[in-house]
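# Survey of secondary and tertiary structure
What follows is each chain in one-letter form.
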Amino acid sequence: MEAESEPYVRLATMRQLHQAVADLNTARSLADTLQTVADGIVAGLGYELACVNLVRPDGDLVVAAFAGNSAAEALITGRVGSRISWERRLAMGEIWDELRFIAHTDGWVLLDDDVPQWHTEGPEPRFDDEWHPQDRLYAPMYASGSGQDLLGVISVDRPRNGRRPGAWGREALQMYASQAAIAISNARLRANMQRALVRLEREQQALRASEESFRQAFEYAPSGMAIAEMGGDQHGRLLRTNDALCRLLGRPASVLRRYSFADLVHPEDIGTLLRTSAEGGRAELRLGRRDGTYLWVSLRNSVVADTADGPRFLLTHVEDIEERKRHELNLAHRASHDALTGLPNSAELRSRLGARLCERPHAVASTDVQALDAAYGDGDVDEARVHGFPADGFDAGQGVGPYDHHVHSVAPDSGKDDGSKGLAVLFCDLDGFKSINDRFGHHTGDAVLIEVARRLTTCVRDGDTVARLGGDEFVVLADGLGSADAADLAVRLRNAIIPPIRVDGRAVRVGASFGIGWAACGMTAEEVLRSADQRMYVEKRSRSKVHRRAG
């Protein structure tokens, strides 16, 4: 009978199959597509029941859609069958090309496995191709079409004609399963793309929000902020600055973009800046303002890097620390300078003097040529020993080799004027100062000390040191002087002190006694000062009291 109506059956089935496949492409979501697959089998392929089992990420199959019976749909939709049970079903029974048919006579072994199923009892078939209620027909769906990647399984039941499908019916079901696999794959792809787009949109929104948050934090930060380029020819160039930094440096943003921090930093701080820019971190340095002055700032760098491309730019936070630095410098100055006269105090004097001395006596040769010969090992061995160097050119005991950069101090020979120079230490004690303090009070005495300090300072060179040792004692350090030079300097200083000093309309006078000592390596600062002090008292006693008084 089927053979006689084969052309009509094929044409009708083709139309129904075409419509069912067309419906697959109209579904908007994965769930709609799965239900459309089940509905298309019932509506277009002549089966009363259809079930779509979809492979989950863990490999098991879940009943994703059911069509034809609402009671059966409520019973088994959402239930899961293990992958092992499904593979056993697809491996047994009759092989109809890609389809698998399990007759009721063989399927009794499947009644107790974990695959969700719904069936009814029925009489034995009256003829060979009659459908039994416990017959099973499966159409596997493969994602790749090669039979390797199982996407799901369509199971059908109860053909409307009551017969097992013939060759054309099987081919139609297999073709539909293939199209259904494509539709499900496309639906999954669309769903993944939609999720990806939603996720991307959320990430972009978060990025925009983060960028806006950064922009506001950058622009409205109370302290200076800058973004500088890293690498390439424009390394360090300022790309962006906020208003606080522009106000701090007195320059508009358009002008700052022409500079790098290296163009603005104080020349003495360039090394600190380069280390901080290369490594990130914090530094304190001075930046130039538009008016030519320099401002102390705390510079904190963060290297913003890309995992693929490496460092991208440098984010710099600039904080004004001018007040703190001024306070620190003031404290340091007060700790090292006399509060009354502003001169270096006793501690600072000893520090400066100690910096010029080492523990090696006679460390300098009598001439510059001999010093070089001794230092580089070209001189006589005995001569090298005389000048403070070991015979082998290296003094392991002192930890300082002949190539050290210390400039040794040596006292000129007082017995002859051979042109040798040294570090002169002039110890000054005021004559008659006590009587001024006693007669006119400490206010007048302080004014005298301040004026004496001013006069001493104006009589020395820029590199010399004038310090107040305490009370009415002053010390002058003058390098590069011979014996005659030091004596002449003492006379000039004394002559500068002697003229009257006016305090509150009253003229007072003080005298000065000077002792000249010489700093030499091998001596301590205390020994040098003691030597100059002793010579000052010798000089004071050598003059009559009349010559010494000045008040």
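Right above here is the structure, for reference.
What counts, and at which threshold
- Residues numbered from 1 in each chain as written.
- Predicted model: local features only at pLDDT ≥ 70, side-chain atom pairs only at ≥ 80, totals over all residues.
- Heavy atoms only, no water.
- Helix = DSSP H or I, 4+ residues; strand = E, 2+ residues; numbered from the N terminus.
- Contact = heavy atoms within 4.5 Å.
- Areas by Shrake-Rupley, 256 points an atom, 1.4 Å probe, with all protein chains shown as cover.
- Axes fitted to C-alpha atoms, helices over the stretch in contact; angles between N-to-C directions.
- Nonpolar A, V, L, I, M, F, W, Y, C, P; charged D, E, K, R; others polar.
- Pairing = 2+ DSSP bridges.
- Parallel < 35°, antiparallel > 145°, perpendicular 65-115°, else oblique.
- Left-handed = near helix turned anticlockwise from the far one by under 90°.
- Phe/Tyr/Trp six-rings, centres within 6.5 Å; stacked < 30°, edge-to-face > 60°.
- Buried < 20%, exposed > 50% of the residue type's maximum accessible area, 1.4 Å probe, protein only.
- Lys NZ or Arg CZ within 6 Å of the ring centre and 35° of its normal.
- Core = buried A, V, L, I, M, F, W, Y, C linked by side-chain atoms within 4.5 Å.
- Polar contact = N/O pair within 3.5 Å; in protein donor to acceptor, adjacent residues only side chain to side chain.
- Patch = residues over 30% accessible without salt bridge, like charges linked within 9 Å, V, L, I, M, F, W, Y side chains within 5 Å.
- Salt bridge = Lys/Arg side-chain N within 4 Å of Asp/Glu carboxyl O.
- Arc of directions from axis to C-beta.
- Expected span 1.5 Å × (residues − 1).

### A few points about the overall build of the protein chain
- The helix and strand inventory of the protein chain stands at 18 helices and 18 strands.
- Of all intrachain contacts in the protein chain linking residues separated by at least 6 positions in sequence, the fraction that spans at least 24 positions is 60%.
- About 30,000 Å² of surface is accessible on the protein chain, with carbon and sulfur atoms providing 51% of the total.

### Focus: the packing of helix α14 (residues 433-440) against helix α15 (residues 442-458)
- The N-to-C vectors of α14 and α15 enclose an angle of 145 degrees; their axes lie 7 Å apart at closest approach. Only His-442, Thr-444, Gly-445, Val-448 and Leu-449 of α15 make contact with α14, whose side of the interface consists of Phe-433, Ile-436, Asn-437 and Phe-440.
- Looking at side-chain class alone, the contact of α14 with α15 contains five nonpolar, four polar and no charged residues.

### Things to note about the sheet that holds strand β5 (residues 99-102)
- Pairing in this open sheet of seven strands is antiparallel, and the strands run β3-β2-β1-β7-β6-β5-β4 from one edge to the other. Whereas interior strands pair on both sides, the edge strands pair on one side only; in this sheet they are β3 (80-81) and β4 (94-96).
- Taken together, the six bridges between strand β6 (residues 136-142) and strand β7 (residues 150-159) define a ladder with antiparallel strand orientation. Bridged to Tyr-142 within β7 is Leu-150.

### Here we look at the environment of Glu-171
- On the secondary structure map, Glu-171 appears in helix α5 (residues 167-219).
- It is 9.1 Å that separates the C-alpha atoms of Glu-171 and Leu-99, two residues lying 72 residues apart in sequence.

### Section: the packing of helix α2 (residues 30-44) against α5
- Packing of α2 against α5 brings their axes to within 9 Å, and their N-to-C directions diverge by 165 degrees. For the element pair α2 / α5, the angle class is roughly antiparallel. Along this stretch, α2 crosses α5, giving a crossing that reads as right-handed. For the pair formed by α2 and α5, the contact residues are Leu-30, Thr-33, Leu-34, Thr-36, Val-37, Gly-40 and Ile-41 on the first element and Tyr-176, Ala-180, Ala-183, Ile-184, Ala-187, Arg-188 and Arg-190 on the second.

### Quick look at the packing of aromatic side chains
- According to the stated counting rule, one finds four aromatic pairs in the structure shown.
- Between Phe-214 and Phe-218 the ring centres are 5.8 Å apart and the planes differ by 35 degrees, which places this aromatic pair in the tilted class. You can see Phe-214 and its partner Phe-218 sitting in helix α5, four residues apart, about one turn around the helix.
- Note on Phe-214: relative accessible area 33%, which makes it partly exposed.
- Overall, Phe-218 belongs to the buried group, its relative accessible area being 0%.
- A connected cluster of aromatic rings, assembled from ring pairs, spans Trp-96, Phe-101 and Trp-131.
- Lying over the aromatic face of Tyr-259, Arg-251 brings its terminal NZ or CZ to 5.3 Å of the ring centre.
- The ring of Trp-296 is capped by Lys-325, whose NZ or CZ atom sits 4.5 Å from the centre of that ring.

### Details of the nonpolar core
- Formed by 36 residues in total, the largest nonpolar core has its most connected members in Leu-137, Met-141, Ile-154 and Tyr-176.
- At eight residues, the largest contribution of residues to this core is made by α5.
- Contact partners of Leu-137, with chain neighbours within four places excluded, come to Tyr-47, Trp-96, Leu-99, Arg-100, Phe-101, Trp-131, Ile-154, Ser-155, Val-156, Pro-165 and Leu-173.
- Counting 31 residues, the second largest nonpolar core, distinct from the first, contains Leu-426, Val-452, Ala-486 and Ile-501.

### A closer look at the sheet that holds strand β13 (residues 422-431)
- Sheet architecture is open: four strands sit in the order β14-β15-β13-β18, paired in antiparallel fashion. A single partner strand is all that each edge strand has here, and the edge strands are β14 (465-470) and β18 (511-519). Between one strand and the next, the sheet's axes are offset by a mean angle of 25 degrees, whatever the strand orientation.
- Summarising the sheet, β13 and strand β15 (residues 473-481) pair through seven bridges and their orientation is antiparallel. Note that in β15 the partner of Ala-424 across the bridge is Ala-478.
- Lying on the sheet, helix α16 (residues 483-497) is in contact with β13, β15 and β18; it crosses β18 at an angle near 155 degrees.

### Observations concerning the side chain of Lys-540
- Examined against the element boundaries, Lys-540 turns out to sit in helix α17 (residues 525-542).
- Given a relative accessible area of 11%, Lys-540 falls into the buried group.
- At 3.4 Å, the side chain of Lys-540 forms a polar contact with the side chain of Ser-513.

### Quick notes on a nonpolar patch on the surface
- A cluster of nonpolar residues, Trp-108, Val-109 and Leu-111, forms a patch on the protein surface that exposes about 300 Å² of accessible area.
- The exposure class assigned to Val-109 is partly exposed, which follows from its relative accessible area of 36%.

### A short note on the pattern of salt bridges
- Throughout the structure, instances matching the rule amount to 32 salt bridges.
- A salt bridge links Arg-163 to Asp-129; the nearest nitrogen and oxygen atoms lie 2.9 Å apart. One end of the pair, Arg-163, is in the loop between β7 and α5; the other, Asp-129, is in the loop between β5 and β6, and 34 residues separate them in sequence.
- Here Arg-350 makes a salt bridge to Glu-526, at a shortest N to O gap of 2.4 Å. With Arg-350 in helix α11 (residues 346-355) and Glu-526 in helix α17, this residue pair connects regions lying 176 residues apart in the sequence.
- What makes Glu-526 partly exposed here is its relative accessible area of 37%.
- Ionic contacts of the salt-bridge type, sharing partners, join the residues Glu-284, Arg-324, Lys-325 and Glu-328 into one network.

### Some points on α14
- Among the residues of α14, those classed as buried are Phe-433, Ile-436 and Asn-437. Looking straight down α14, one finds its buried side chains confined to an arc of 100 degrees; they lie on one side. Along α14, exposed side chains directed more than 90 degrees from the buried face belong to Lys-434, Asp-438 and Arg-439.
- Taken together, the buried residues of α14 touch β13, α15 and β17 (506-508).
- Looking at the residues trailing α14, positive phi occurs at Gly-441, about 95 degrees.

### So, the environment of Ile-184
- You can see Ile-184 is positioned in helix α5.
- Non-local contacts of Ile-184, meaning those with residues more than four positions away in its chain, are made with Leu-30, Thr-33, Leu-34, Val-37, Leu-54, Met-141 and Leu-151.

### A closer look at helix α10 (residues 322-336)
- Here α10 is 15 residues long and its end C-alpha atoms lie 21 Å apart, about the 21 Å a rise of 1.5 Å per residue gives.
- Of all the positions in α10, only Glu-322, Lys-325 and Ser-336 are classed as buried. Burial along α10 is one-sided: seen end-on, the buried residues are contained in an arc of 65 degrees. Residues of α10 that are exposed and point more than 90 degrees away from the buried face comprise Glu-323, Arg-334 and Ala-335.

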